[in-house]
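Reading the structure
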Number of protein chains: 4
Amino acid sequence: MGDNDIYAKQGFGNSSGFGQHPALIIVDFVNGFDDPDMFGGGNIHSAILHTRTLLAAARRHHIAICFTRVVYADDQSDAGVFCLKAPSLRTLTESARASQIVSELEPREGELVLRKTQPSAFHETGLTSWLTHKGIDTVVIAGCTTSGCVRATAIDSMSRNFLTVVVTDCVGDRALAPHEANLFDIQQKYADLLDSEKTIAHFSGKRDHA
Amino acid sequence: MGDNDIYAKQGFGNSSGFGQHPALIIVDFVNGFDDPDMFGGGNIHSAILHTRTLLAAARRHHIAICFTRVVYADDQSDAGVFCLKAPSLRTLTESARASQIVSELEPREGELVLRKTQPSAFHETGLTSWLTHKGIDTVVIAGCTTSGCVRATAIDSMSRNFLTVVVTDCVGDRALAPHEANLFDIQQKYADLLDSEKTIAHFSGKRDHA
Amino acid sequence: MGDNDIYAKQGFGNSSGFGQHPALIIVDFVNGFDDPDMFGGGNIHSAILHTRTLLAAARRHHIAICFTRVVYADDQSDAGVFCLKAPSLRTLTESARASQIVSELEPREGELVLRKTQPSAFHETGLTSWLTHKGIDTVVIAGCTTSGCVRATAIDSMSRNFLTVVVTDCVGDRALAPHEANLFDIQQKYADLLDSEKTIAHFSGKRDHA
Amino acid sequence: MGDNDIYAKQGFGNSSGFGQHPALIIVDFVNGFDDPDMFGGGNIHSAILHTRTLLAAARRHHIAICFTRVVYADDQSDAGVFCLKAPSLRTLTESARASQIVSELEPREGELVLRKTQPSAFHETGLTSWLTHKGIDTVVIAGCTTSGCVRATAIDSMSRNFLTVVVTDCVGDRALAPHEANLFDIQQKYADLLDSEKTIAHFSGKRDHA
């Protein structure tokens, strides 16, 4: 019996659906994760290029948009256990080139830019409250890495009862086996998987959001 | 270049270490996850048997111990998106046999039993505060499933700056490929992997905790 | 210059308003807080009687309803610093008469009953996620005590970006000076104050919620 | 029967004590709250002057130190319900003079400076994780206002099971009646009240912290 069959037999892998009020969360598409010599590689750059189209559509349809960056204090006063597991994260300080959002996806006025120090975009950030303020019911996730901050964000989004969608061609990882393994887990338990074309169709089918 | 090499080159996969004040968290070892006809199978039962030894050692060394159960209200008033992805979770109510901790690991007076409705043992539970009250610096995780609640608990534990250890022979999954894939991710980014023998050596090397 | 003038001059005390999707949260109206020989007294019983009418209106208009109880484990394994400040809280165990919701306000099937160990109804409970699942934008608070769990719940509700309303005749305190002082603070900074009559008018002006 | 008698009879107002590993949290002592024409007045400036001595002692004894600032994004993308109740908070942007910590208390390298948008220093910030990383058991609070961010921080600190101390002469409010009323509530339920002299004695009686 294959893994898919085991999960299906136990009742996992159902769709949670797409609601009326989506927001787009773009996780950690910063220079350092677009650079194979830092934290990048694999299919991350390709995911950035697809996200350009997704972002343009989200703007056209007035979807609420949030970007995240990993940012540690210059004096590392907020570095913790994550920086023991992966010490090079400490280079991601406020003004470092590596922690700036990639030029392909530059945020515009009124779009939320969240600083975070941990994998999940929700952890010790204002994301939940911002989503509540906007009346959001569906969190659409692009970004990197699939096996890291995307997965952690998807778990937290679902755990907070947002309908959650991970956009398959807009998430990437430095290594493809973890990318695939995490999409499997995400689809079985936490979020629906949609490609950017289907996601954009959902955006356009919705009425505009103030 | 293999996945391990990519991660090593980028500075992942370091050890975060084992502190002076560990607690043992046993995640969701309840009847329903020990039953292949419900949510069980794979190497879960074997992990329960190994956890028996780990738990006995923890008790002998006066380590703080916490168990989690998945419990939904009888009237399902607290069922949310997780129950859309996996509707059979709804059967895990307070008095259901499936939601009781397995007899091999019965909790004793003074050991914390947490009810949860989401993957992470930390999400909307009193776990963080209990760990603070006990002065814990290291969270040792046993339980199931590796690709589900164990992984989510490990991310949250690390994100809250607890040194985190996942006990390799005391965690299990209904399917082995996700088990292995998630141990890889956990080791690279969130927690140290130790087997139960090495974990017990850490317990016994520590002085007792009140 | 009076306190009201100082706050007005500095721009506090504005109305945040009443949204389209309210929920009613009834905080800690349990037997022990209705008993002047335990944690009760002052205007708490009167607030319970007014809440009867508010609750009936909420049910008539299909408003989402949540009750909270303070509940500690029988073996006190989850008692912490709050129980150092106020040790008698430890008597509020699952089956204790003192921790049961007063008979005047008995919860019905489908209404959420949350157990908590700390002042705020939001702290380490599923309240935020439940509100998100229901699409709530406005949290209406009744309960006790005004200077304790009501105030803490109002701060957390506002901090999570829910429009927040405290129902003046449906909250009470064992002592009247703290009741008044806390209504002042709440109105200046966290929530709007409405009496039950005006709140019910808001309920009835809204369309029903599924 | 006076308020103190009612609370004493019901078992409130006990001391929670001072632990072995304190941290000092200085809440919102920024220019805007030191200016009676903005958010200041009352006894806030006096509290800043007393905090100078407390901070010097904390540094001498190598106590972990954290400052908070209220900071909203330049484009107000993170302004929510708090800014409906008090719209002038929106002026507290990253580079505004009003949101800079007062010159009397300038942070040094290695001391944590947290940005927040809500009353509590714990709400959606990295404070809890930082305290865990440092092994802190006792949170010592100075800052302003007593009836606002100090009170909210004290509730959250106690709710997270940190022994909590509010330093009476190092907290201030724009208006004295709320200052006094909130010290009463804090002492009864959340934290111990100590003056700066007694607090410093606790600092000096402890061994240094790395």
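Residues numbered from 1 in each chain as written. Chains lettered and ligands numbered in written order. Predicted model: local features only at pLDDT ≥ 70, side-chain atom pairs only at ≥ 80, totals over all residues.

Notes on the overall build of chain A
Scanning chain A from terminus to terminus reveals seven helices and six strands. Along chain A, helices (α) and strands (β) appear in the sequence α-β-α-β-α-β-α-β-α-β-α-β-α when read from the amino end. For a compact globule of 210 residues, the expected C-alpha radius of gyration is about 17 Å, and chain A comes in at 16 Å, within 12% of that figure. For chain A, the C-alpha atoms occupy an extent of roughly 50 × 45 × 30 Å along the three principal directions. (Helix = DSSP H or I, 4+ residues; strand = E, 2+ residues; numbered from the N terminus. Rg over C-alpha atoms; globule rule 2.2 N^0.38 Å.)

Details of the interface of chain A and chain C
Contact with chain A, which involves nine residues of that partner, is made by nine residues of chain C. Residue composition of the side of chain A that touches chain C, grouped by class: one nonpolar, six polar and two charged. (Contact = placed C-beta atoms within 7 Å. Nonpolar A, V, L, I, M, F, W, Y, C, P; charged D, E, K, R; others polar.)

A word on the relation of the copies chain A and chain C
Superposing chain A onto chain C requires a rotation of 180° together with a translation of 0.0 Å along the rotation axis, leaving an RMSD of 0.0 Å. The superposition of one copy onto the other is thereby described by a two-fold rotation axis. Taken together, the interface assignments show that 100% of the residues at the interface of chain A recur at the interface of chain C, consistent with an identical surface on both copies. (Least-squares fit on C-alpha atoms with pLDDT ≥ 70 in both.)

Regarding the interface of chain A and chain B
Contacts between the two partners involve 39 residues from chain A, matched on the other side by 39 residues from chain B. Elements that contribute at least two residues to the side of chain A that touches chain B include exactly helix 1 (3–9), helix 3 (82–85), helix 5 (146–159) and helix 6 (176–189) of chain A. Here the side of chain A that touches chain B is built from residues that sort into 20 nonpolar, 14 polar and five charged.

Describing unusual backbone geometry
Residue and element names in this part refer to chain A. For the peptide bond that leads from Cys 144 to Thr 145, omega is -10°, which places it in the cis range. Tracing the chain through its elements places Thr 145 in the loop between strand 4 (138–144) and helix 5. With a phi close to 55°, His 62 is a non-glycine residue in the positive phi region. For His 62, the location among the structural elements is in the loop between helix 2 (44–60) and strand 2 (64–70).

Observations concerning helix 2 (residues 44–60) of chain D
Residues and elements named next belong to chain D. Compared with the 24 Å implied by 1.5 Å per residue over 17 residues, the 24 Å span of helix 2 between its first and last C-alpha is a close match. Among the residues of helix 2, Ile 44, Ala 47, Ile 48, His 50, Thr 51, Leu 54, Leu 55 and Ala 58 are the ones counted as buried. The inward-facing, buried residues of helix 2 abut strand 1 (22–27), strand 2 (64–70), strand 4 (138–144), strand 5 (163–172) and helix 7 (196–205). Count one or two residues on from helix 2 and you reach His 62, which has phi positive near 60°. (Expected span 1.5 Å × (residues − 1). Buried ≥ 20, exposed ≤ 12 C-beta atoms within 10 Å, placed from the backbone.)

Quick look at the sheet that holds strand 2 (residues 64–70) of chain C
Residues and elements named next belong to chain C. Strands sit in the order 3-2-1-4-5-6 across an open sheet of six strands; the sheet is parallel. With one partner strand each, in any of the chains shown, strand 3 (112–116) and strand 6 (192–194) form the two edges of the open sheet. With direction set aside, neighbouring strand axes in the sheet form an average angle of 25°. Relative to strand 3, strand 2 runs parallel, the two being bridged by five bridges. (Pairing = 2+ DSSP bridges. Axes fitted to C-alpha atoms, helices over the stretch in contact; angles between N-to-C directions.)

Re the pairing of strand 5 (residues 163–172) of chain A
Residue and element names in this part refer to chain A. The buried fraction of strand 5 is high, at nine of 10 residues. Taken together, strand 4, helix 5 and strand 5 form a β-α-β motif whose crossover is right-handed. Two elements, strand 5 and strand 6 (residues 192–194), share three bridges in a ladder whose sense is parallel. The residue of strand 6 that forms the bridge with Val 166 is Leu 193. In the classification by handedness, the crossover that spans strand 5, the intervening helix 6 and the parallel strand 6 is right-handed. (Right-handed = clockwise from strand over helix to strand, strands pointing away.)

A few points about helix 5 (residues 146–159) of chain C
The element helix 5 of chain C is extensively covered by neighbouring structure, given that 14 of its 14 residues are classed as buried. Trailing helix 5 of chain C by a residue or two, Asn 161 of chain C shows a phi angle of about 70°, which is positive.

Regarding the sheet that holds strand 3 (residues 112–116) of chain B
Residue and element names in this part refer to chain B. If you trace the six strands from one edge of the open sheet to the other, you get 3-2-1-4-5-6, paired in parallel fashion. The open sheet terminates on both sides in strands that have one partner only, identified here as strand 3 and strand 6 (192–194). Pairwise comparison of adjacent strand axes, ignoring direction, gives a mean angle of 25° for this sheet. Packing of helix 7 (residues 196–205) onto the sheet brings it into contact with strand 1 (22–27), strand 4 (138–144), strand 5 (163–172) and strand 6, and relative to strand 5 it is tilted by some 135°.

Things to note about the packing of helix 5 of chain A against helix 6 of chain A
All names here are of chain A. Where helix 5 contacts helix 6, the two axes come as close as 10 Å, and the packing angle between them is 15°. Judged by the inter-axis angle, helix 5 sits roughly parallel to helix 6. Once helix 5 is placed against helix 6, the crossing between them reads as right-handed. Contact with helix 5, carried on its side by Thr 146, Ser 147, Arg 151 and Ala 154, involves Pro 178, His 179, Asn 182, Leu 183 and Ile 186 of helix 6 and no other residues of that element. Residues belonging to the contact of helix 5 with helix 6 are distributed by class as follows: four nonpolar, four polar and one charged. (Parallel < 35°, antiparallel > 145°, perpendicular 65-115°, else oblique. Left-handed = near helix turned anticlockwise from the far one by under 90°.)

Focus on the packing of helix 2 (residues 44–60) of chain C against helix 7 (residues 196–205) of chain C
Residues and elements named next belong to chain C. Contact pair helix 2 / helix 7: the axes reach a minimum separation of 10 Å and the direction vectors enclose 5°. Taken together, the axis directions place helix 2 and helix 7 in an arrangement best described as roughly parallel. When helix 2 is examined against helix 7, the residues His 50, Thr 53, Leu 54, Ala 57 and Ala 58 are found in contact with a partner set consisting of Ser 196, Thr 199, Ile 200 and Phe 203. Split by residue class, the contact of helix 2 with helix 7 holds five nonpolar, four polar and no charged.

As for the confidence of the model for chain A
The predicted coordinates of low-pLDDT regions are not to be read in fine detail. Mean pLDDT over chain A: 96, with 98% of residues reaching 70 or higher. Across the assembled chains, the prediction reports ipTM 0.96 with pTM 0.97. (pLDDT = per-residue confidence, 0-100.)

Quick notes on the environment of Trp 130 of chain B
You can see Trp 130 of chain B is positioned in helix 4 (residues 127–134). Residue class for Trp 130 of chain B comes out buried when judged on the 22 C-beta atoms lying within 10 Å of it. Ignoring sequence-local partners within four residues, the contact set of Trp 130 of chain B consists of Cys 66 and Leu 112 of chain B together with Asp 78 of chain C.

A closer look at the environment of Gln 10 of chain C
Mapping Gln 10 of chain C onto the fold places it in the loop between helix 1 (3–9) and strand 1 (22–27). Measuring from C-alpha to C-alpha, the distance between Gln 10 of chain C and Ala 96 of chain C comes to 47 Å, with 86 residues separating the pair along the chain. Residues contacting Gln 10 of chain C, with those up to four places away along its chain left out, are Phe 39, Ser 88 and Arg 174 of chain D.

Overview of the environment of Leu 89 of chain D
Residue and element names in this part refer to chain D. With respect to the element layout, Leu 89 can be found in the loop between helix 3 (82–85) and strand 3 (112–116). Accessibility expressed as a C-beta count within 10 Å gives 21 for Leu 89, which makes it buried. The sequence separation of Leu 89 and Gln 188 amounts to 99 residues, and the corresponding C-alpha distance is 30 Å. Once residues within four sequence positions are removed from consideration, Leu 89 is found in contact with Val 70, Tyr 72, Phe 82 and Cys 83.

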